[in-house]
Structure formats: C-alpha cells, structure tokens
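Summary of the model geometry
Listed below are the residues making up each chain.
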Amino acid sequence: MVRIEEGMLARSLAGHDQGRLYVIIRMEAEYVWLADGILRTVEKPKKKKIRHIQVIHRYADPVREALLRREPLRNEPIKQIIQSESRKRQEDKHVESRCN
C-alpha cells in the first residue's frame, strides 16, 4: 500500500478537477481532504476518495510543519507550493520534449 500523509502533494486522477495539484490537509478512512489555496481553500477543501488521487511523495513543508505544531493552516503557503510545483513540472515537460 502507498504511504499517504497529511502535507503531501497529490494530483487528482478523476472528476472535473482531473490533473489538478493539491495538498492533502486531512485524512480519514478512505477519503482525503485536498486544498490548493485558490479554488479549494483550507476553509472549503475538496473531499476525494483515496483511489482517485495520485500521491506525489513530496511534502509541502510549511503545511506539514503547521500540522505537526497543530497551528491553523493558511491558504497562501499552499497556493505558493502548488504554483512552484506546477512550474517545475512544466519545465520538466519542456526539457523532455527537447530531448526527444
């Protein structure tokens, strides 16, 4: 079984938000609650079945630290992490297409 923890990045595999990046902010049985800091905020996270996400085994450090310290989560750091990760992935795709 794949290790899933709060504070990890995840990509939606199904639904209207397919392909979108999120941060896992809560877990419970077969569901996770996801936030991106923009459309899905900490106050209104997306509830999704675990089987409908792809876990990216990278932590959103500010989110993970806040969760460990039991501090309230903020949307701004989540938004910045998602944008940074999206840029990295776009750069990776661009490099791969040049190599082929």
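Residues numbered from 1 in each chain as written. Predicted model: local features only at pLDDT ≥ 70, side-chain atom pairs only at ≥ 80, totals over all residues. Heavy atoms only, no water.

A look at the pattern of salt bridges
- Following the criterion strictly, the structure yields 10 salt bridges and no others.
- Here Glu85 ties to Arg58 by a salt bridge, and the two come within 2.2 Å at their closest N and O atoms. Of the two residues, Glu85 is situated in helix α2 (residues 75-99) and Arg58 in strand β5 (residues 53-59); the sequence distance between them amounts to 27 residues.
- In this structure Glu85 comes out as buried when scored by relative accessible area, which is 4%.
- By relative accessible area, Arg58 is classed as partly exposed at 37%.
- Residues participating in the shared-partner salt-bridge network are Arg3, Glu5 and Arg64. (Salt bridge = Lys/Arg side-chain N within 4 Å of Asp/Glu carboxyl O. Helix = DSSP H or I, 4+ residues; strand = E, 2+ residues; numbered from the N terminus. Buried < 20%, exposed > 50% of the residue type's maximum accessible area, 1.4 Å probe, protein only.)

Re the sheet that holds strand β1 (residues 8-12)
- As summarised here, the arrangement of the five strands in space is β4-β3-β2-β1-β5, forming an open sheet in which the pairing is antiparallel. Only two strands of the sheet have a single neighbouring strand rather than two, namely β4 (46-49) and β5. Looking at each pair of strands side by side, their axes are set apart by 45° on average, direction ignored. (Pairing = 2+ DSSP bridges. Axes fitted to C-alpha atoms, helices over the stretch in contact; angles between N-to-C directions.)

Describing the environment of Ile78
- Among the structural elements, Ile78 can be located in helix α2.
- A relative accessible area of 0% places Ile78 in the buried class.
- Considering only alpha carbons, one finds Ile78 and Leu9, 69 residues apart in sequence, at a separation of 9.9 Å.
- Contacts of Ile78, omitting those with residues within four sequence positions, involve Val23, Ile25, Ala35, Asp36, Gly37, Val42 and Val63. (Contact = heavy atoms within 4.5 Å.)

Let's talk about the side chain of Lys48
- Among the secondary structure elements, Lys48 is positioned in strand β4.
- Reaching out from Lys48, the side chain makes a polar contact with the side chain of Ser12 at a distance of 3.4 Å.
- A distance of 2.7 Å separates the side chain of Lys48 from the backbone oxygen of Ala14, its partner in a polar contact.
- In contact with Lys48, other than residues within four places in its own chain, are Ser12, Ala14, Asp17, Glu30, Tyr31, Val32, Leu34 and Ile53. (Polar contact = N/O pair within 3.5 Å; in protein donor to acceptor, adjacent residues only side chain to side chain.)

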